[in-house]
Amino acid sequence: MENFKAPFRGRSLLNWIDWTPAEINTFLDIAFQVKAESHRGEIHQRFVGKTIALIFEKRSTRTRSSFETAFGEEGGHPVFMSTADIQLGGKESVQDTARVLGRMFSAIEFRGYKQEHVEQLAKYSGIPVINGLTDSYHPTQVLADIMTLKENFETVKERKICFCGDGRNNVARSLMLICSKLGIDFSIYSPKELFPGKDIQEICAPFAAASGAKITISDEKSVVKGADCLYTDVWVSMGEEALKEERTRLLSPFQVNRELMNATGKNTTIFLHCLPAVKGQEVTEDVIEGSASRAWDEAENRKHTIKAVMLGII
């Protein structure tokens, strides 16, 4: 793999809408290969002479750590930029920032609020752009989630993932999208007030029809029955801290606990969480620290899938 040629060189990953199931599986294949290399202690230098601008409007543990270590250990030079460091969207427009960075870097990663900003970076920079999270989508997270599912069940088609909690958030939306592409049955267990928007349902419908994936959205606990994976996220997303009291009231009945895990009717059901977790709120400590939890494998897989994406497009 030392003379690896990026199969999708020059493309951007803004969400999974424009990527085929075969292309997504190619990223997964690369991710499994680089994880195996990492566990064998191999050192490769596939990004020598390359640079990536890492733009972070939102704080991060896993995304920043994954991009910096994956790019750096391959011999590339990552440059971290917070909103305190650059003029993005303030004194300088996103378009102008994109034009400048496009002349200096090999690629750009953006983690922030507006999906339109990552799309503008891709449009005007002329180099590959990776969405490290926006309010609308979190594509690198769900690629790691599918890798973790695949590690546990080998084949993922027709497996069942149930997301429990805020069905409108970026992770729930992205899971619905990638599952609809890959033929994975996906359900959301959520209060009606937090059902996902019609926009994402309409985007996913034709992909699900093509792959055979079933999409179910319900506030009834019975929706978790048969799930191979229960997944949750924090009740209050970044930027919505003022809604904490209301979200806690709405989402408390949808906590992932031992009773909900048992309600799947399967003793092989795993638990996933994109982290950070507020133990005792969206998930009980005995579940996230228990034998069904794969949250820490999932966190490690963020690095391997992000490296796979960068190897694939840069």
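You'll find the structure just up there.
This report concerns the structure included in the present document. Remember, predicted model here, so these are calculated numbers, not experimental data.

**Focus: the packing of aromatic side chains**
Then, number 1: Following the criterion strictly, the structure yields nine aromatic pairs and no others.
Then, number 2: Between phenylalanine 8 and tryptophan 19, the ring centres sit 5.3 Å apart and the planes meet at 85°, which makes this aromatic pair edge-to-face. Placement of the pair is phenylalanine 8 in the segment before α1 (21-39) and tryptophan 19 in the segment before α1, with a sequence separation of 11 residues.
Then, number 3: A centroid spacing of 5.3 Å and a plane angle of 35° characterise the contact between phenylalanine 56 and phenylalanine 80, whose relative ring orientation is tilted. Separated by 24 residues along the polypeptide, phenylalanine 56 in strand β1 (residues 51-56) and phenylalanine 80 in strand β2 (residues 77-82) bring together distant segments of the chain.
Then, number 4: Aromatic rings pair up to connect Phe8, Trp16, Trp19 and Phe27 into one cluster.
Then, number 5: Looking at arginine 64, its charged tip hangs above the ring of phenylalanine 80, at a distance of 3.6 Å from the centre.
Then, number 6: It is arginine 173 that lies over the ring of tyrosine 137; its NZ or CZ is 5.0 Å from the centre.

**Considerations on the environment of phenylalanine 195**
Then, number 1: Considering the arrangement of structural elements, one finds phenylalanine 195 in the loop between β6 (185-189) and α7 (198-211).
Then, number 2: By relative accessible area, phenylalanine 195 is classed as partly exposed at 25%.
Then, number 3: Here the alpha-carbon distance between phenylalanine 195 and leucine 175, two residues 20 residues apart in the chain, equals 14 Å.
Then, number 4: Those residues in contact with phenylalanine 195, other than ones at most four positions away along the chain, are Gly167, Arg168, Ser190, Ile217, Ser218 and Asp219.

Cut-offs and rules
Residues numbered from 1 in each chain as written. Predicted model: local features only at pLDDT ≥ 70, side-chain atom pairs only at ≥ 80, totals over all residues. Heavy atoms only, no water. Phe/Tyr/Trp six-rings, centres within 6.5 Å; stacked < 30°, edge-to-face > 60°. Helix = DSSP H or I, 4+ residues; strand = E, 2+ residues; numbered from the N terminus. Lys NZ or Arg CZ within 6 Å of the ring centre and 35° of its normal. Buried < 20%, exposed > 50% of the residue type's maximum accessible area, 1.4 Å probe, protein only. Contact = heavy atoms within 4.5 Å.

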